[in-house]
Amino acid sequence: MKEQLRLLNTSNPQWRLDERTCERGRAGISKAREALARAGEARLGVSRAEAQHSTAA
C-alpha cells in the first residue's frame, strides 16, 4: 500500500445531486434488484414469493 487515496472532507460538501439524477439512480438500483431476484429464482428454482420469504428473516 504505497499509495492511498485521501478521503474527501464531507463535513461541508459543496455539491449536491439534482433530483433527476437521484431518480435515475433509484431506478437503476431497482432494476438491479429485480435482476438479482430473477437470477436467484432461476438458480434456486423457486418462485419470487418463496425467494423473498426465505430471505425476510
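In what follows, the structure referred to is the one given above.
Described in the following lines is the structure provided in the data block. In this convention, every chain numbers its residues from 1, walking through the sequence in written order. Given that this is a predicted model, residues contribute local features only at a pLDDT of at least 70 and side-chain atom pairs are listed and counted only at 80 or more, while totals for whole chains, interfaces and linings are drawn from all residues. Values shown for side chains rest on all heavy atoms present in the structure; no hydrogens or waters enter the calculation.

1. Details of the overall build of the protein
Runs of E in the DSSP output that reach at least two residues are strands. Runs of H or I that reach at least four are helices, and both are numbered from the N terminus. Summing up its helical and strand segments, the protein has 2 helices and 0 strands in all. As presented, the protein carries roughly 6,100 Å² of accessible surface, and 54% of it is formed by carbon and sulfur atoms. Residue burial considers only the protein chains on display, and all accessible areas are found by Shrake-Rupley using a 1.4 Å probe.

2. As for the pattern of salt bridges
A pairing counts as a salt bridge when a side-chain nitrogen of Lys or Arg comes within 4 Å of a carboxyl oxygen of Asp or Glu. By the definition in use, this model includes 2 salt bridges. In this structure, Arg26 engages Glu19 in a salt bridge whose closest nitrogen and oxygen atoms are separated by 3.4 Å. Only protein chains enter the calculation, and the probe is 1.4 Å; a residue is then buried if its accessible area is under 20% of its type maximum, exposed if over 50%, and partly exposed in between. Its relative accessible area of 47% is what places Glu19 among the partly exposed residues. With its nearest N and O atoms 3.9 Å apart, the salt bridge here joins Arg38 to Glu34. Of this pair, Arg38 and Glu34 both sit in helix α1 (residues 19-44), 4 residues apart, which is roughly one turn of the helix. Overall, the relative accessible area of 46% leaves Arg38 in the partly exposed class.

3. Let's talk about α1
Relative to the 38 Å expected for 26 residues at 1.5 Å per residue, α1 spans 37 Å between its end C-alpha atoms, a close match to the ideal helical length. Once α1 finishes, Gly45 follows within two positions and takes phi at roughly 70°, a positive value. To estimate the expected span of a helix, subtract one from its residue number and multiply by 1.5 Å.

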